[in-house]
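Observations on the model geometry
Listed here are the chains, written in short residue letters.
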Amino acid sequence: MSRKFFALSLLLVASLVLGACAAPAPQATEVPVAVEPEVVEVEVEVPADPGSLVIYSGRSESLVAPIIQQFADATGINVEVRYGSTAEIAAALLEEGANSPADIFYAQDPGGLGAIEDAGLLAPIPADTLAKVAPGFASPNGAWVGITARARVVVYNTGVLSPADLPADIRDFTNPEWNGRLGLAPTNASFVVMVTAMRQMWGEADTEAWLAGIAANNPTYYSGNGGVVTAVGAGEVEVGFVNHYYLYQFMAEQGESFPVRNHYLSNGGPESLVMVSGAGILANGANQDNAQRFLDFMLSTVAQQYFASRTFEYPLVEGVATSSLLVPLAEINGPDISLGSLSDVSGSAALIEAAGMVP
């Protein structure tokens, strides 16, 4: 039996203009764009009894539920999804161990995946699946594979700041002039991974000093990156530390008048980290074949186009159109650091808590 389904990929940023992004390097093109919708037709062979699949997702339901449903519709597989933060899901997997019902761990960041890999809970991923992404976007040991890329950025309120007002190094935000002007989500997995990258690049002492310096500037804490961008737009704070794609989701809803823009720090530090969302197959999962089908689907043109068009993340396979609003990955001066080295998220979370950063 075969099924056809269609993925309508609307590159629907037709009239969004980044008029306020004037100077930072790299810089987005400041022209209106009009991209025709792209329809991808896929025909999938469906066995008489497709079986089931249990996904533990550290990605939010609002972002990934539609594409997971497309996978279920296309394959006929009965998919169950447990949602939570990446830290919560990773903790559950570590507690459940070999008795976990999960087949797939789908994480927001490489740190959570690395923690589960270090515990020996992930099965090796076939080489042909790993080969679909650049080597830097998968586990060096082949235990997980990246699905999308996300860049760390600074967002700022365009009503009170311009790019010229912002420093080139995130360490400069510890200066007293930023007192009371910052917003961040200290327990968000992406922030924790950024701190892990700081520990790798700067060392423990300098990272602790940075956290203490930021805390001394009395930032406002939020539970997630969306709350940070909302607060910057509302003028509650002037600057926030988030991932790049939240801004574009706000602009898609509110238009180019939304008074927030991304700023890419240009010195190649951990604050410019390009991390991945990714997934791995649980070694003791009962549905190994369906887990592999899920990974292959998420790295298909259909799924990659969904992320590029709907969530404004970077696709990791070739041949997928991206929004012209995005700064090309090749132009981001990210740090030279292995994503596989960022697994000690619990150590970073302890430093963040010790600094008194609690939302």
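Everything below is about the structure printed above this text.
Quick caveat, the model's predicted, so the values are computed rather than measured. (Residues numbered from 1 in each chain as written. Predicted model: local features only at pLDDT ≥ 70, side-chain atom pairs only at ≥ 80, totals over all residues. Heavy atoms only, no water.)

Some remarks on the pairing of strand E3 (residues 52-57)
Within E3, five of the six residues are buried, leaving the element largely enclosed by the surrounding structure. Examined bridge by bridge, E3 and strand E4 (residues 78-83) share six bridges and lie parallel to one another. If you follow leucine 53 over to E4, its bridge partner there is valine 79. At this point the chain moves from E3, through helix H1 (residues 61-75), to the parallel E4, and the crossover so formed is right-handed. (Buried < 20%, exposed > 50% of the residue type's maximum accessible area, 1.4 Å probe, protein only. Helix = DSSP H or I, 4+ residues; strand = E, 2+ residues; numbered from the N terminus. Pairing = 2+ DSSP bridges. Right-handed = clockwise from strand over helix to strand, strands pointing away.)

A look at empty space enclosed by the protein
Following the criterion strictly, the structure yields two cavities of 30 Å³ or more and no others. The calculated volume of the second largest cavity comes to roughly 50 Å³. Along its surface, the second largest cavity is lined by Gly97, Ala98, Ser100, Ala102, Leu121, Leu282, Ala283, Asn284 and Gly285. (1 Å grid on protein atoms, 1.4 Å probe; cavity = no way out; pocket = protein on both sides within 12 Å on 5 of 7 lines; lining within 4 Å. Points joined across faces, edges and corners; volume = space filled by probe spheres on them.)

Some thoughts on the packing of aromatic side chains
The geometry of an aromatic ring pair is captured by the separation of the ring centres together with the interplanar angle, meaning the angle of the planes. Using the criterion set out here, one finds twelve aromatic pairs in the structure. Considering the side-chain rings of phenylalanine 71 and phenylalanine 294, the 5.3 Å spacing of their centres and the 85 degrees angle between planes classify their relative orientation as edge-to-face. Taken together, the residues phenylalanine 71 in helix H1 and phenylalanine 294 in helix H9 (residues 288-298) connect sequence positions 223 residues apart. A residue is classified by how much of its surface remains accessible, and phenylalanine 294, at 0% relative accessible area, is buried. Taking 5.9 Å as the distance between ring centres and 45 degrees as the angle between the ring planes, the aromatic pair formed by tyrosine 248 and phenylalanine 312 counts as tilted. You can see tyrosine 248 sitting in helix H8 (residues 245-254) and its partner phenylalanine 312 sitting in the loop between helix H10 (301-311) and strand E12 (314-315), a full 64 residues away along the chain. Like tyrosine 248, the residue phenylalanine 312 is buried in the burial classification. (Phe/Tyr/Trp six-rings, centres within 6.5 Å; stacked < 30°, edge-to-face > 60°.)

Focus on the environment of threonine 311
Among the secondary structure elements, threonine 311 is positioned in helix H10. Not counting residues up to four positions away in its chain, the partners in contact with threonine 311 are Leu63, Tyr245, Gln249 and Tyr306. Only 2.9 Å separates the side chain of threonine 311 from the backbone oxygen of phenylalanine 307, close enough to count as a polar contact. (Contact = heavy atoms within 4.5 Å. Polar contact = N/O pair within 3.5 Å; in protein donor to acceptor, adjacent residues only side chain to side chain.)

Here's the deal with the side chain of serine 139
In this structure, serine 139 sits in the loop between helix H4 (127-130) and strand E6 (145-157). Polar contacts involving the side chain of serine 139 include one to the side chain of glutamate 117, which spans 3.1 Å. In this structure, serine 139 is in contact with Glu117 and Trp144, ignoring residues within four places of it in sequence.

What about the packing of helix H2 (residues 86-96) against helix H3 (residues 110-118)?
At a minimum axis separation of 9 Å, H2 and H3 run at an interaxial angle of 5 degrees. Taken together, the axis directions place H2 and H3 in an arrangement best described as roughly parallel. Residues Thr86, Ala90, Leu93 and Leu94 of H2 lie in contact with H3, whose contacting residues are Gly112, Ala115 and Ile116. (Axes fitted to C-alpha atoms, helices over the stretch in contact; angles between N-to-C directions. Parallel < 35°, antiparallel > 145°, perpendicular 65-115°, else oblique.)

Some points on the pattern of salt bridges
Applying the stated rule across the entire model yields eight salt bridges. One salt bridge connects glutamate 313 with arginine 59, and the closest N-O pair in it is separated by 3.1 Å. On the criterion of sequence distance, the pair formed by glutamate 313 in the loop between H10 and E12 and arginine 59 in the loop between E3 and H1 is long-range, its members being 254 residues apart. For the pair glutamate 313 and arginine 59, a shared accessibility class is recorded, and that class is buried. Among the charged side chains, a salt-bridge network with shared partners connects Arg59, Arg150 and Glu313. (Salt bridge = Lys/Arg side-chain N within 4 Å of Asp/Glu carboxyl O.)

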